[in-house]
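# Remarks on the overall topology
For reference, the chains in residue letters:
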Amino acid sequence: MKTFLKKHGFVLILFFILTWAIYNGSQIFVKQMDRNEKKTAQILADCKKNMSESEDLNYKKMCENLINNNLPDLDFFTMLTNLVVFELRYLNFIALFIVVLPSMKVAKLLKSKYILHSATRESYCSFLITFFKKAYQYVFILPCVGGILLFFCAIHTTFDPTYALQYQSSIWEASRILHPVFFILGYLLNLFLYSIFYLNLFLIVLRKKHNLIVALLLTVLLFLGIELFFEVGLNTFIGQMLFKSEIGYLFNIMSPFTFSNQFHVSALLSFSLFMVLLSSYFVYKMYHHREKFIMDCEKNN
């Protein structure tokens, strides 16, 4: 147990903090909705008591609507919308760190010149297998965080989207929320693909910069640079100015938890998969040359 805690302690603490943050955010939303429901119930009671005596036509019309239209149960998609857009919107901004920080040990592996000591005991291929196992061992942490988020939404709500459709309280269109199982599977798969992409960015930088702090900072800069290129280059200049299209919004790597509604799920997942394949290709190109890799590791103090 001590060995397990020592080996995975940081990840467990990080996961506990994120779970608490999601729980706290969900409780804030649920309590707010409970207050709103009580206010509505009080208004409804007042309507039944005073409507017949009131001469205000607008008041009577409002009361009739409340009495004739039963308030539907709060739905899953309304709660998820509120959490990812308001209460827990910061999850999109820290997603990169959620994925990269648990993989810090691979930087220490390079900094310690492990490859130099293992060169005589194992093949370069064996070293890379060990290296990438350590790098990707926590690739499921982002989908797990997403799963916790969906779980808290599910236990407090219903999958009947009547509330969202009636009050337009969901950021996702009807065609998507009418199929919750496919929505959840697509949501988690998209987070998994983002996790691989984020780790690939870190590994690309780490290949040349073995200092953890420097590698982390450069990864953030690379991440922001790619997003800026997509937002300004592809979306603003090419998408909107040349083709008068909003296709550029598809190329957003900073909102994994939002699961954009502007395009079909297949388009979103195709873009995420493309970024995974492209970044994986660069990882391959950066690490396939054994001699250059060893030479760079020899420069570490």
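Everything in this summary refers to the structure shown in the same document. (Residues numbered from 1 in each chain as written. Predicted model: local features only at pLDDT ≥ 70, side-chain atom pairs only at ≥ 80, totals over all residues. Heavy atoms only, no water.)

Here we take up the pattern of salt bridges. Pairing is possible between side chains of opposite charge, provided their charged atoms come close. Within the structure shown, the criterion is met by four salt bridges. A salt bridge links glutamate 291 to arginine 290; the shortest N-O distance between them is 3.9 Å. For glutamate 291, a relative accessible area of 45% gives the class partly exposed. Notably, a salt bridge pairs aspartate 296 with lysine 299, separated by 3.6 Å at the nearest N-O pair. Using a relative accessible area of 61% as the deciding quantity, one classes lysine 299 as exposed. In this structure, a network of salt bridges that share partners links the residues Arg207, Lys208, Asp296 and Lys299. (Salt bridge = Lys/Arg side-chain N within 4 Å of Asp/Glu carboxyl O. Buried < 20%, exposed > 50% of the residue type's maximum accessible area, 1.4 Å probe, protein only.)

All right, on to a positive patch on the surface then. On the surface, Lys7, Lys105, Lys108 and Lys134 cluster together into a patch of positive charge. Following the sequence through the fold, lysine 134 ends up in helix α7 (residues 124-136). Overall, lysine 134 belongs to the partly exposed group, its relative accessible area being 34%. (Patch = residues over 30% accessible without salt bridge, like charges linked within 9 Å, V, L, I, M, F, W, Y side chains within 5 Å. Areas by Shrake-Rupley, 256 points an atom, 1.4 Å probe, with all protein chains shown as cover. Lys, Arg positive; Asp, Glu negative; His and termini not counted. Charge placed at Lys NZ, Arg CZ, Asp CG, Glu CD. Helix = DSSP H or I, 4+ residues; strand = E, 2+ residues; numbered from the N terminus.)

Before going further, it helps to examine the packing of aromatic side chains. Enumeration over the complete set of coordinates arrives at 28 aromatic pairs. Both rings, one in phenylalanine 183 and one in phenylalanine 259, keep their centres 5.6 Å apart while their planes meet at 75 degrees; by these two values the pair is edge-to-face. Taken together, the positions of phenylalanine 183 in helix α11 (residues 180-206) and phenylalanine 259 in the loop between α12 (212-242) and α13 (265-287) put the pair 76 residues apart, joining distant regions of the chain. Its relative accessible area of 2% is what places phenylalanine 183 among the buried residues. Members of the aromatic cluster, connected to one another through ring pairs, are Phe76, Phe77, Phe159, Trp172, Phe183, Tyr187 and Phe259. A cation over an aromatic ring shows up here: arginine 176 above the ring of phenylalanine 259, its NZ or CZ 5.2 Å from the ring centre. (Phe/Tyr/Trp six-rings, centres within 6.5 Å; stacked < 30°, edge-to-face > 60°. Lys NZ or Arg CZ within 6 Å of the ring centre and 35° of its normal.)

All right, on to a nonpolar patch on the surface then. Side chains of Ile13, Phe16, Ile17, Trp20 and Tyr23 sit close together on the surface and give an oily, nonpolar patch of about 590 Å² of accessible area. When you line up the elements, isoleucine 13 lands in helix α1 (residues 2-50).

Further remarks concern the nonpolar core. With 78 residues, the main nonpolar core has Leu80, Tyr187, Leu206 and Phe257 as its most contacted residues. Of the residues forming this core, the biggest block, 15 residues, is contributed by α11. Other than its neighbours up to four places away in sequence, leucine 80 contacts Leu149, Leu150, Cys153, Trp172, Phe183 and Tyr187. (Core = buried A, V, L, I, M, F, W, Y, C linked by side-chain atoms within 4.5 Å. Contact = heavy atoms within 4.5 Å.)

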